[in-house]
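Here is what each chain is made of, one letter per residue.
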Number of protein chains: 2
Amino acid sequence: MRKNRRTCDVPDATVLRLPLYLEKLKLLQAIGVEDVSSRQLAESLDIKASQLRHDFHYFGGFSRPGRPYHVQKLVGALEQIIGIAEPVPTAIIGAGHLGQAIANYQNLEIQGFPIKGIFDANPKLVGVEIRGQPVRDMDELEEVVLKEKVKIAILTVPAAQAQLVADRLVKAGIVGIFNFAPMDLKAPPTVAVRNERMAVGIMSLSFKVKCILQNMDLEEDI
Amino acid sequence: MRKNRRTCDVPDATVLRLPLYLEKLKLLQAIGVEDVSSRQLAESLDIKASQLRHDFHYFGGFSRPGRPYHVQKLVGALEQIIGIAEPVPTAIIGAGHLGQAIANYQNLEIQGFPIKGIFDANPKLVGVEIRGQPVRDMDELEEVVLKEKVKIAILTVPAAQAQLVADRLVKAGIVGIFNFAPMDLKAPPTVAVRNERMAVGIMSLSFKVKCILQNMDLEEDI
DNA sequence: GACCTACTGTTAATTCTTGAACAGGTTTGA
DNA sequence: TCAAACCTGTTCAAGAATTAACAGTAGGTC
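Residues numbered from 1 in each chain as written. Chains lettered and ligands numbered in written order. Predicted model: local features only at pLDDT ≥ 70, side-chain atom pairs only at ≥ 80, totals over all residues. Heavy atoms only, no water.

Visitor: In this structure, what is going on with the protein's contact with DNA strand D? I would like to understand it.
Guide: Residues in close proximity to DNA strand D total 25 residues, the closest being Ser38(A), His57(A), Ser63(A), Arg67(A) and Tyr69(A). Within 4 Å of the protein, the contacting atoms of DNA strand D are drawn from sugar and phosphate to the extent of 71%. Contact distances for DNA strand D include 3.5 Å between a phosphate oxygen and a backbone N or O atom of Phe62(A). Note that a base oxygen of DNA strand D is positioned 3.3 Å from one of the backbone N or O atoms of Gly66(A). Those elements that place two or more of their residues in the surface near DNA strand D are α3 (38-45) and α4 (49-57) of chain A together with α2 (12-30) and α4 (49-57) of chain B. (Near = heavy atom within 4 Å. Polar contact = N/O pair within 3.5 Å; in protein donor to acceptor, adjacent residues only side chain to side chain. Helix = DSSP H or I, 4+ residues; strand = E, 2+ residues; numbered from the N terminus.)

Printed below as a string of structure tokens:
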């Protein structure tokens, strides 16, 4: 019991690296590599080996000292830790371009997030088939969430409706919300929310672009 | 000159918050608010006021001591810093669902990133109109980048082609690449790259979901 | 004018992250 | 059997980021 609790008390920075480790390891697995050392794995991810071992140390016991990691075991362990050892039923709310883009992204299913429902309020979209399943009316939301035991909702509705929909999802028993609407959602602490902001991404890129251009100008002046 | 250089020597963590500040400030501006204190602004963003002042301190001189910030001035200053005071010509490479979703996201243009070209290798997509402009063939890429002075490219092509396209973009003189392909791009240091990984987002969410579910189980057991 | 309140810019302290170091354990090969 | 080459788990130091504290200014009010 204590161990479970400890497993969750991990820095965010580490949690964000776990998927990267998993991805690389699956790649290695696919080409038949059996063992990998912390140095090899870290190098391919452009981080320090000590950091990787440090990260793994939060969970402990991925290898025995002296031996490199066993790729397959490590993949299994990471899937357990991330919580995708069992598929996590997922729904997409909002079947606009972004919702469709995500629904069509087949890797989602492979990575452990089968799409159990796609919803939209627009009657023109309801009924349209996306990757073999129909877009459903928002009315069916609670019913499907309950029946399919949906745990995670991917929210791609307009900002104006995002909080409203989120409240419905929370009431329906959703545990995690992946929000693409350009606004920060509020939810009780029993629901995990991740706000994905495209604007943040492109603006932080723009900042760096501006710096590069300035430096180029400076060097020209010399 | 020195000041410019200093302006770029800012922690990533701070840079990532600048767009959030800007967004909130624009909202305030839209409803006619003229002044805002660090405490008010920080509270609405769920961060500490001291952190906000600390962030602004890297650039300096947004207000004079004793007086709150002037919303309009602050918006202008942040736009300068982020590099969107002048529009930044942008292109989208890959007109699949994700590319179309981004192209249709009108806020991009408003926020300073006008789309000067949408490209795809698929002949079936070439010519299709998206928000008033045709999808172009990849052959035209270099020409358009040069003519329209495109600075940032949004990459939504399959992982297998991402690096190839990126190399072409770099050669063509692109300064920033916003990469949505599930792989880390390599580029020379004169080109800023931001790799956006959806898998990382949903998996880190899954980790938290798992922790919440475990804690709920634990409490039930008591 | 004097005082009180609200505010910023700046520095100092604290907390979090990262990176280095090292104490063993394992295998290989002479 | 012993040494050399690797390897991990763990601890410790260095470096960043966040938060708190404070000095000093501005404006309002009596």
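After that view, the rundown keeps rolling.
Visitor: Which parts of the structure should I look at to understand the protein's contact with DNA strand C?
Guide: Taken together, 26 residues form the shell around DNA strand C, and within it Arg17(A), His54(A), Ser38(B), His57(B) and Arg67(B) come nearest. When the atoms of DNA strand C within 4 Å of the protein are sorted by group, sugar and phosphate make up 67%. Between DNA strand C and His54(A) there is a distance of 3.1 Å, counted from a base oxygen to a side-chain nitrogen or oxygen. A distance of 2.9 Å is found between a phosphate oxygen of DNA strand C and a side-chain nitrogen or oxygen belonging to Tyr69(B). Every element with two or more residues in the surface near DNA strand C is listed here: α2 (12-30) and α4 of chain A together with α3 (38-45) and α4 of chain B. If one sorts the elements of the surface near DNA strand C by residue count, α4(A) sits on top with 4 residues.

Visitor: When you look at the sheet that holds strand β9 (residues 192-195) of chain B in this model, what are you seeing that I'm missing?
Guide: Two pairing modes exist for strands in a sheet, parallel and antiparallel, and in both the strands are linked by backbone hydrogen bonds. Residue and element names in this part refer to chain B. The strand order across the open sheet built from 7 strands is β5-β6-β4-β3-β7-β8-β9, with neighbouring strands paired in mixed fashion. Each edge of the sheet is formed by a strand with only one pairing partner; in this case those strands are β5 (129-130) and β9. One ladder, built from 4 bridges, connects strand β8 (residues 176-179) with β9; its direction is parallel. Its bridge partner lying in β9, Ile177 is registered against Val193. (Pairing = 2+ DSSP bridges.)

Visitor: Whenever I open this one, the relation of the copies chain B and chain A confuses me. Can you help?
Guide: Both copies of the chain are related by a screw-like operation: a rotation about an axis and a shift along it. When chain B is fitted onto chain A, the two copies agree to an RMSD of 0.2 Å after a turn of 180° and an axial shift of 0.0 Å. Taken together, the turn and the small shift mark the pair as related by a two-fold rotation axis. (Least-squares fit on C-alpha atoms with pLDDT ≥ 70 in both.)

Visitor: How should I be thinking about the interface of chain B and chain A in this particular structure?
Guide: Accessible area lost on assembly of the parts is the figure often given for the size of an interface. Across the contact, 69 residues belong to chain B and 69 residues belong to chain A. Taking both sides of the interface into account, the surface hidden between chain B and chain A amounts to around 6000 Å²; carbon and sulfur atoms contribute 74%. The largest per-residue losses of area from chain B upon contact with chain A belong to Met198(B), Met203(B) and Phe207(B), which jointly make up 12% of the total buried on that side. There are 2 salt bridges connecting chain B and chain A. Ionic pairing is found between Arg197(B) and Glu23(A), a salt bridge with its closest N-O pair at 3.0 Å. Counting every contact that joins chain B to chain A gives 12 residue pairs in polar contact (both at pLDDT 80 or more). Mapped onto the side of chain B that touches chain A, the elements with two or more residues apiece are α1 (2-8), α2, α5 (71-82), α6 (97-103), β7 (152-155), β8, β9 and α10 (198-221) of chain B. No other element matches α10(B), which puts 19 residues into the side of chain B that touches chain A. Across the side of chain B that touches chain A, the residue classes tally to 43 nonpolar, 15 polar and 11 charged. (Contact = heavy atoms within 4.5 Å. Buried area = accessible area lost by both parts, 1.4 Å probe. Salt bridge = Lys/Arg side-chain N within 4 Å of Asp/Glu carboxyl O. Nonpolar A, V, L, I, M, F, W, Y, C, P; charged D, E, K, R; others polar.)

Visitor: In this structure, what is going on with the sheet that holds strand β3 (residues 90-93) of chain A? I would like to understand it.
Guide: Residue and element names in this part refer to chain A. What the 7 strands build is an open sheet, ordered β5-β6-β4-β3-β7-β8-β9; its pairing is mixed. Each edge of the sheet is formed by a strand with only one pairing partner; in this case those strands are β5 (129-130) and β9 (192-195). Judged from the 2 bridges that link them, β5 and strand β6 (residues 133-137) form a sheet pairing that is antiparallel. Note on β6: the bridge partner recorded for Glu129 is Pro134. Relative to strand β7 (residues 152-155), helix α9 (residues 159-172) is tilted by about 170°, and along the sheet it contacts β3, β7 and β8 (176-179). (Axes fitted to C-alpha atoms, helices over the stretch in contact; angles between N-to-C directions.)

Visitor: What is the right way to read the packing of aromatic side chains from this model?
Guide: For any pair of aromatic rings, the description rests on two quantities: the centre-to-centre distance and the angle between the ring planes. Tallying each qualifying case throughout the model produces 9 aromatic pairs over all chains. Ring centres 5.0 Å apart and planes at 70° place the aromatic pair Phe56(A) and Phe62(A) in the edge-to-face group. You'll find Phe56(A) and Phe62(A) in the same group, each marked buried. Site record: aromatic cluster; members linked through ring pairs are Tyr21(B), Phe56(B), Phe59(B), Phe62(B) and Tyr69(B). (Phe/Tyr/Trp six-rings, centres within 6.5 Å; stacked < 30°, edge-to-face > 60°. Buried < 20%, exposed > 50% of the residue type's maximum accessible area, 1.4 Å probe, protein only.)

Visitor: How do you make sense of the pattern of salt bridges when you look at a structure like this?
Guide: Between side chains of opposite charge, a pair can form when the charged atoms approach closely. Taken as a whole, this structure holds 14 salt bridges over all chains when the rule is applied. Here Arg168(A) ties to Glu142(A) by a salt bridge, and the two come within 2.8 Å at their closest N and O atoms. Within this pair, whereas Arg168(A) is found in helix α9, its partner Glu142(A) is found in helix α8 (residues 141-147), the two being separated by 26 residues in sequence. The partly exposed category is assigned to Arg168(A), whose relative accessible area is 30%. Taking relative accessible area as the criterion, Glu142(A) reaches 30% and is therefore assigned partly exposed. Where salt bridges share partners, they join Glu23(A), Asp184(B) and Arg197(B) into one cluster.

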